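Results of the structural survey
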Amino acid sequence: MTRMTSEAAIERARSQGRPALIAYLPAGFPDIQTTIDAAVAVAENGADIIEVGIPYSDPVMDGAVIQAATVQSLAQGFRVAQVFDIVRGITERCDAAVMVMTYWNPVLRLGVDEFSRRLAEAGGAGLITPDLVPDEASEWFEASDQYGLDRVFLVAPSSTPERMRATVEASRGFVYCVSIMGVTGARTSVSSAAQAVVDAAHEAGAPRACVGLGVSKAEHVREIGAYADGVIVGTALVAALRDGGVKAVAALAAELSGRTAPADS
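Here is a short report on the structure shown in this document. On a predicted model such as this, the values are computed, not experimentally measured, just so you know. Going along each chain's sequence as written, the residues are numbered from 1 onward. For a predicted model such as this one, the threshold for reporting local features is a pLDDT of at least 70, and the threshold for listing and counting side-chain atom pairs is 80 or more; totals across whole chains, interfaces and linings nevertheless cover every residue. For side-chain calculations, the full set of non-hydrogen atoms in the structure is used, while hydrogens and water are omitted.

1. Focus on the packing of helix H6 (residues 112-121) against helix H7 (residues 138-147)
Helix axes use the C-alpha atoms of the stretch in contact, all axes being lines fitted to C-alpha atoms, and the angles between their N-to-C directions lie in the range 0 to 180 degrees. Under the DSSP-based scheme used, a helix requires at least four consecutive residues in state H or I and a strand at least two consecutive residues in state E, with every element numbered from the N terminus. Close contact between H6 and H7 brings their axes to 9 Å; oriented N to C, the two are set at 30°. With respect to their mutual orientation, H6 and H7 come out roughly parallel. The two elements H6 and H7 cross, and the hand of that crossing is right-handed. Contact residues: Val112, Asp113, Ser116, Arg117 and Ala120 in H6; Glu139, Trp140, Ala143, Gln146 and Tyr147 in H7. For the contact of H6 with H7, the per-class residue count stands at five nonpolar, two polar and three charged. Geometric relationships in this document are graded by angle, where less than 35 degrees denotes roughly parallel, more than 145 denotes roughly antiparallel, 65 to 115 denotes roughly perpendicular, and other angles denote oblique. Left-handed describes a crossing in which the near helix is turned anticlockwise from the far one by less than a right angle; the clockwise case is right-handed. Two residues qualify as a contact provided that any one of their heavy atoms is within 4.5 Å of a heavy atom in the partner residue. Classification convention: Asp, Glu, Lys, Arg as charged; Ala, Val, Leu, Ile, Met, Phe, Trp, Tyr, Cys, Pro as nonpolar; all other residues, Gly among them, as polar.

2. Notes on the side chain of Ser171
Along the chain, the position of Ser171 falls in the loop between helix H8 (161-170) and strand E7 (175-178). Residue burial is assigned from relative accessible area. The probe radius is 1.4 Å, only protein chains are included, and a residue is buried under 20% of its type maximum, exposed over 50%, and partly exposed in between. Given a relative accessible area of 15%, Ser171 falls into the buried group. Looking at Ser171, its side chain comes within polar contact range of the main-chain oxygen of Thr167, at 2.8 Å. For Ser171, the residues in contact, after removing those within four places along its chain, are Arg151, Val152 and Phe153. Between N or O atoms, a polar contact is any pair within 3.5 Å; within protein, one atom must be a potential hydrogen donor and the other a potential acceptor, and residues adjacent in sequence are included only when both atoms are from side chains.

3. Details of the pairing of strand E8 (residues 209-212)
Neither face of E8 is open: one carries Ala209 and Val211, the other Cys210 and Gly212, and all of them are buried. Relative to E8, E7 runs parallel, the two being bridged by four bridges. Looking at the pairing, Cys177 lines up with Val211 of E8. Pairing of E8 with strand E9 (residues 230-233) involves two bridges; the strand directions are parallel. Residue pairing across strands places Val211 opposite Val231, the latter belonging to E9. Here a strand pair is declared whenever DSSP counts at least two bridges between the two strands.

4. Digging into helix H9 (residues 193-203)
When H9 is considered as a whole, its buried residues turn out to be Ala194, Val197, Val198 and Ala201. One face of H9 carries all of its buried residues, which in axial projection span an arc of 95°. On its buried side, H9 packs onto strand E6 (154-155), H8, E7 and E8. Where H9 terminates, the next one or two residues include Gly205, which has phi positive at roughly 110°. Here, the arc refers to the directions that run from the helix axis to the C-beta atoms.

5. Side note on the pattern of salt bridges
Opposite charge on two side chains allows them to pair when their charged atoms are near. Only one rule defines a salt bridge in this text: a Lys or Arg side-chain nitrogen within 4 Å of an Asp or Glu carboxyl oxygen. In this structure the tally under the stated criterion is 14 salt bridges. For Asp145, the salt bridge is made with Arg172, and the minimal N-O distance between the two is 3.0 Å. Here Asp145, found in helix H7, pairs with Arg172, found in the loop between H8 and E7; they are 27 residues apart in sequence, far enough to count as distant.

6. Quick word on the packing of aromatic side chains
Side-chain rings of Phe, Tyr and Trp (the six-membered ring for Trp) are treated as a pair once their centres are within 6.5 Å; stacked means planes under 30 degrees apart, edge-to-face means over 60, and tilted covers the remaining angles. Applying the stated rule across the entire model yields four aromatic pairs. With a centroid separation of 6.1 Å and 55° between ring planes, the pair formed by Trp104 and Trp140 is classed as tilted. Of this pair, Trp104 sits in helix H5 (residues 104-110) while Trp140 sits in helix H7, placing them 36 residues apart in sequence. You can call Trp104 buried: its relative accessible area is 9%. Plain terms: the ring middles of Phe141 and Phe153 are 6.2 Å apart, the flat faces sit at 65° to each other, and that makes the pair edge-to-face. Within this pair, whereas Phe141 is found in helix H7, its partner Phe153 is found in the loop between strand E5 (150-152) and E6, the two being separated by 12 residues in sequence. Classification of Phe153 as buried rests on a relative accessible area of 1%.

Structure below.
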């Protein structure tokens, strides 16, 4: 299986003169198969990278829509190991890069090497780890190097120049720029801090800096795409999936990516 890396996906978008569209979906919501079908649908409608989020019992960074989805997934019996089936199900049907976004504890519980090996075998590109800082990531550095996985760390408006440089140096694939302080959620306007965080990441040497938290409209994608290498959309897609199923999430992805109509999955 040929794995698409997040670097390759973002550079492919760049060669087409646009920012990469990165779509977040919670694993197991509303069920395993629909997660796969929704991810494939958004990939077929313009998403370059799929983030599959592992449900967590205490999702401190997630807003109400994503929290509700992850609570439902956990209540239905979702288990961490099922994420590899989801990743494989997506990578076998489309050429998007597939990342897993997870708090660090589930990785530790399964075992960092075991998790990394199984992710690579499923065709996954790597991990986005919102609560892991580079200073505490030595085991992840080793495993990600061994299995050729991307490692995406987060930076925020509060990141010091020293922390920014260290995070940029530790990341592989892209740097995840949080544009606001606080929990996630769709917003009517993009935080004014977004460009400052992206600029700081670029100045610290990041070849690819992507913005997440609060993106919900096509104009947000265009606005952020003027200075960022990728635009991350989560809450708006999860709400579409909740309210209208795969067809609705495909239509929103088409709108966000600037396509006139959604492609049939």
